[in-house]
Amino acid sequence: DGGITQSPKYLFRKEGQNVTLSCEQNLNHDAMYWYRQDPGQGLRLIYYSQIVNDFQKGDIAEGYSVSREKKESFPLTVTSAQKNPTAFYLCASSIIGGTEYGYTFGSGTRLTVV
Amino acid sequence: GEDVEQSLFLSVREGDSSVINCTYTDSSSTYLYWYKQEPGAGLQLLTYIFSNMDMKQDQRLTVLLNKKDKHLSLRIADTQTGDSAIYFCAERGHTGRRALTFGSGTRLQVQP
């Protein structure tokens, strides 16, 4: 079955560490996205990519980095520069352009700073 | 800029209808979506409406779009306890950035 997989489901980070969240899709979608979810604030866009080797900053890109070396993969690194990284992170993918299919979401990674 | 707003909480009794409202600012929106999120999970697409439509019905779900007022609503008929979740509206503008803008989500609580 086609889908989008995020790992790990739970991640704990010490202060000052970088961590990388994985996102893989086998839907043959060109576009991929990272959103951050905090209680009561909905989803905020971190980065998105519409083609391999290219990506754009979203609304809250500071303290995060991404790469898009393969169509299937869009990992997100939360760097030590991100001052408040504890949140639920959601990855999504879609075909290019607006369609009735919207986005397909992964099941999320909950990151906690300890 | 693009902004999407929703009320945060709605409580209904099982069997009643639920109406979740959303307002948006981008007049160039092409598609508008409703997503459902259960605890600790990702978002699941429930339904969508294209911007040239006023209404769309899909089983228990009815979406109404008022383009003049930039107002979108989701009606769930015969609400069940399994409908308890957070509901997000999202819009995709025609110009500008090529990513969905989401509202803050409405938590629907269904009382038995």
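Above this text you will find the structure in question.
Residues numbered from 1 in each chain as written. Chains lettered and ligands numbered in written order. Predicted model: local features only at pLDDT ≥ 70, side-chain atom pairs only at ≥ 80, totals over all residues. Heavy atoms only, no water.

Chemist: Just checking my understanding: could you explain the overall build of chain B for this structure?
Modeler: When helices and strands are counted, chain B shows zero helices and 11 strands. Ordered by position from the N terminus, the helices and strands of chain B form the series β-β-β-β-β-β-β-β-β-β-β. A compact globule built from 112 residues would reach a C-alpha radius of gyration of about 13 Å, and chain B, at 14 Å, matches this within 12%. A principal-axis box enclosing the C-alpha atoms of chain B has dimensions of 45 × 30 × 20 Å. Counting over 112 residues, chain B shows a buried share of 46%. Once local pairs closer than 6 in sequence are excluded, the contacts in chain B between residues at least 24 apart make up 56%. (Helix = DSSP H or I, 4+ residues; strand = E, 2+ residues; numbered from the N terminus. Rg over C-alpha atoms; globule rule 2.2 N^0.38 Å. Buried < 20%, exposed > 50% of the residue type's maximum accessible area, 1.4 Å probe, protein only. Contact = heavy atoms within 4.5 Å.)

Chemist: How do you make sense of the sheet that holds strand β8 (residues 71-76) of chain B when you look at a structure like this?
Modeler: Adjacent strands of a sheet pair through backbone hydrogen bonds, lying either parallel or antiparallel. All names here are of chain B. On the basis of which strands lie adjacent, the open sheet formed by five strands has the order β1-β3-β8-β7-β6 and antiparallel pairing. In the strand order of this sheet, the two ends are held by β1 (4-6) and β6 (55-58), each with one partner. With direction set aside, neighbouring strand axes in the sheet form an average angle of 15°. Two elements, β6 and strand β7 (residues 61-66), share four bridges in a ladder whose sense is antiparallel. The residue of β7 that forms the bridge with Lys56 is Val63. (Pairing = 2+ DSSP bridges. Axes fitted to C-alpha atoms, helices over the stretch in contact; angles between N-to-C directions.)

Chemist: I keep staring at the packing of aromatic side chains and nothing clicks. Help me out?
Modeler: Aromatic ring pairs are reported here in terms of the distance separating the ring centres and the angle at which the planes meet. Inspection of the entire model under this criterion finds 15 aromatic pairs over all chains. Both rings, one in Tyr33 of chain A and one in Tyr48 of chain A, keep their centres 6.3 Å apart while their planes meet at 20°; by these two values the pair is stacked. On the criterion of sequence distance, the pair formed by Tyr33 of chain A in strand β4 (residues 31-37) and Tyr48 of chain A in strand β5 (residues 43-51) is long-range, its members being 15 residues apart. Grouping residues by exposure puts Tyr33 of chain A and Tyr48 of chain A together as buried. Aromatic side chains Tyr35 of chain A and Phe102 of chain B sit 5.2 Å apart centroid to centroid with 85° between the ring planes, which places their arrangement in the edge-to-face category. Of this pair, Tyr35 of chain A sits in strand β4 while Phe102 of chain B sits in strand β10 (residues 101-102), on two different chains. Note on Tyr35 of chain A: relative accessible area 1%, which makes it buried. Relative accessible area serves as the criterion here: at 6%, Phe102 of chain B is assigned to the buried category. Among the aromatic side chains, those forming a connected cluster through ring pairs are Tyr33, Tyr35, Tyr48, Tyr103 and Phe105 of chain A together with Tyr31, Tyr33, Tyr35, Tyr48, Phe50 and Phe102 of chain B. Above the ring of Phe74 of chain A, the side-chain terminus of Arg68 of chain A is found at 6.0 Å from the ring centroid. Sitting above the plane of the Tyr48 of chain B ring, Lys56 of chain B keeps its charged end 3.4 Å from the centroid. (Phe/Tyr/Trp six-rings, centres within 6.5 Å; stacked < 30°, edge-to-face > 60°. Lys NZ or Arg CZ within 6 Å of the ring centre and 35° of its normal.)

Chemist: Explain unusual backbone geometry to me, please; I cannot follow it from the model alone.
Modeler: Glycine aside, negative phi is the norm for most residues, and most peptide bonds take the trans geometry. Residue and element names in this part refer to chain A. Going from Ser7 to Pro8, the amide bond is cis rather than trans, its omega being -10°. Phi at Asn28 is positive, roughly 60°, even though this residue is not glycine. Within the secondary structure, Asn28 sits in the loop between β3 (19-25) and β4. Although it is not a glycine, Asn53 adopts a positive phi angle of roughly 65°.

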